[in-house]
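# A look at the structure
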Amino acid sequence: DVPAAALALVQAGRAREALSLLYRGALSALVHRGRVVLAPGDTEGDCVRMVSAHCAVDIARYFARLVRYWQRTAYGGEPPDDATASALCRDWAACFGAGEHA
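A short tour of the structure in this document, coming up.

About the thresholds
Residues numbered from 1 in each chain as written. Predicted model: local features only at pLDDT ≥ 70, side-chain atom pairs only at ≥ 80, totals over all residues. Heavy atoms only, no water. Helix = DSSP H or I, 4+ residues; strand = E, 2+ residues; numbered from the N terminus. Expected span 1.5 Å × (residues − 1). Buried < 20%, exposed > 50% of the residue type's maximum accessible area, 1.4 Å probe, protein only. Contact = heavy atoms within 4.5 Å. Polar contact = N/O pair within 3.5 Å; in protein donor to acceptor, adjacent residues only side chain to side chain. Axes fitted to C-alpha atoms, helices over the stretch in contact; angles between N-to-C directions. Left-handed = near helix turned anticlockwise from the far one by under 90°. Parallel < 35°, antiparallel > 145°, perpendicular 65-115°, else oblique. Nonpolar A, V, L, I, M, F, W, Y, C, P; charged D, E, K, R; others polar.

### Describing helix α5 (residues 82–96)
Counted at 1.5 Å a residue, the expected span for α5 with its 15 residues is 21 Å, and the 21 Å between its end C-alpha atoms agrees. Within the span of α5, buried status applies to A85, A87, L88, C89, W92, C95 and F96. On its buried face, α5 is in contact with α1 (2–11), α2 (15–32) and α4 (57–76). The backbone nitrogen of A83 lies 3.2 Å from a side-chain oxygen of the residue at the head of α5, namely D81. Backbone geometry just downstream of α5 places G97 in the positive-phi region, at approximately 95 degrees.

Below, the structure is given as structure tokens:
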């Protein structure tokens, strides 16, 4: 259960790991459901463009938001506050299903 595991990480003060799990879980769900085809060297930006081109608007918006927070956290060392990270977990479930596994 990706969003539940990510929320537990947020609550443990491990936002970077939580966002990584959400990002990887989203990619896995998108690829396994046949919505996008990704190449090994695709960047986060490439993934956002692919999702925007091939997925529903609500999923594309969520994914772009998730990637922005992931990049800020992973590369900029600026994790979101707990409320934002928790919302990303909740919204992941709305886009990809609460029980989806990465």
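Now that the structure has been shown, we can carry on.
### Regarding the packing of α2 against α4
The contact between α2 and α4 brings their axes to 10 Å, and the two run at 145 degrees. Handedness of the crossing formed by α2 with α4: left-handed. Listed contacts from α4 to R16, L19, S20, L22, Y23, A26, L27 and L30 of α2 are I59, Y62, F63, L66, V67, Y69, W70, T73 and A74.

### Looking at the packing of α2 against α5
In contact at an axis separation of 11 Å, α2 and α5 are set at 5 degrees when each is read in the N-to-C sense. Considering the angle they form, α2 stands roughly parallel to α5. Two secondary-structure elements touch here, α2 through L19, L22, G25, A26, A29 and L30 and α5 through L88, C89, W92 and F96. Taken together, the residues of the contact of α2 with α5 sort by class into nine nonpolar, one polar and no charged.

The values are spatial; any link to function lies outside them.
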